[in-house]
Amino acid sequence: DVAQAGNVIFLKRSMRPGFAGIDNELLYDPKTTLLFGDAKASLTKVVSALKSLKKRDINCKVVRRRGKLYVINKKNPKFKARQG
């Protein structure tokens with residue numbers, strides 16, 4: 001269910017409205033991330049990226065800084081790692 005999801009990835013070819021000309025309310029949800037392009041190719045890239053993520057402590061967060069992904073841990077500031 002989309003209402004219970006933490007993050008939503010919305011695959012779309014362009015910003016044009018759908019066949020019926022009706023905007024989707026999900027596009028305006030703050031949890032939604034738009035991913036433009038071919039759905040099959042984009043989904044394949046997203047799934048492969050998620051598979052490559054390493055398991056981390058529950059307090060770890062993945063952040064992007066200067067184009068690189070880093071893993072930080074607020075409860076243990078000495079923990080530093082680079083993802084990928």
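Residues numbered from 1 in each chain as written. Predicted model: local features only at pLDDT ≥ 70, side-chain atom pairs only at ≥ 80, totals over all residues. Heavy atoms only, no water.

A. How the structure looks around the overall build of the chain. When helices and strands are counted, the chain shows one helix and five strands. Traced from its N-terminal end to its C-terminal end, the chain shows the element sequence β-β-α-β-β-β. Within the chain, contacts between residues at least 6 apart in sequence are counted, and of these 34% link residues at least 24 apart. With the model as given, the accessible surface of the chain reaches about 7,500 Å², and the carbon-plus-sulfur share is 56%. (Helix = DSSP H or I, 4+ residues; strand = E, 2+ residues; numbered from the N terminus. Contact = heavy atoms within 4.5 Å. Areas by Shrake-Rupley, 256 points an atom, 1.4 Å probe, with all protein chains shown as cover.)

B. Local environment of the side chain of Lys12. Within the secondary structure, Lys12 is located in strand β1 (residues 8-12). Since its relative accessible area comes to 15%, Lys12 is described here as buried. In this view, Lys12 contacts Leu27, Leu35, Phe36 and Gly37; residues no more than four positions away in its chain are not counted. (Buried < 20%, exposed > 50% of the residue type's maximum accessible area, 1.4 Å probe, protein only.)

C. Main features of the pattern of salt bridges. In this structure the tally under the stated criterion is one salt bridge. Across the pair Asp38 and Arg13 runs a salt bridge whose closest N-O atoms are separated by 3.5 Å. With Asp38 in the loop between β2 (32-36) and α1 (39-52) and Arg13 in the loop between β1 and β2, the pair connects residues that are 25 residues apart, well separated along the chain. Residue class for Asp38 comes out partly exposed when judged on its relative accessible area of 38%. (Salt bridge = Lys/Arg side-chain N within 4 Å of Asp/Glu carboxyl O.)

D. View of a nonpolar patch on the surface. A surface patch of nonpolar side chains, about 310 Å² in accessible area, is lined by Ile9, Leu11, Leu43 and Val47. For the nonpolar patch, the secondary structure elements donating two or more residues are β1 and α1. Checked against the element boundaries, Leu43 lands in helix α1. (Patch = residues over 30% accessible without salt bridge, like charges linked within 9 Å, V, L, I, M, F, W, Y side chains within 5 Å.)

E. Here's a closer look at unusual backbone geometry. Positive phi, close to 50 degrees, is recorded for Arg66, a residue that is not glycine. As for its placement among the helices and strands, Arg66 is situated in the loop between β3 (60-65) and β4 (68-73). Classification of Arg66 by relative accessible area gives exposed; the value is 84%.

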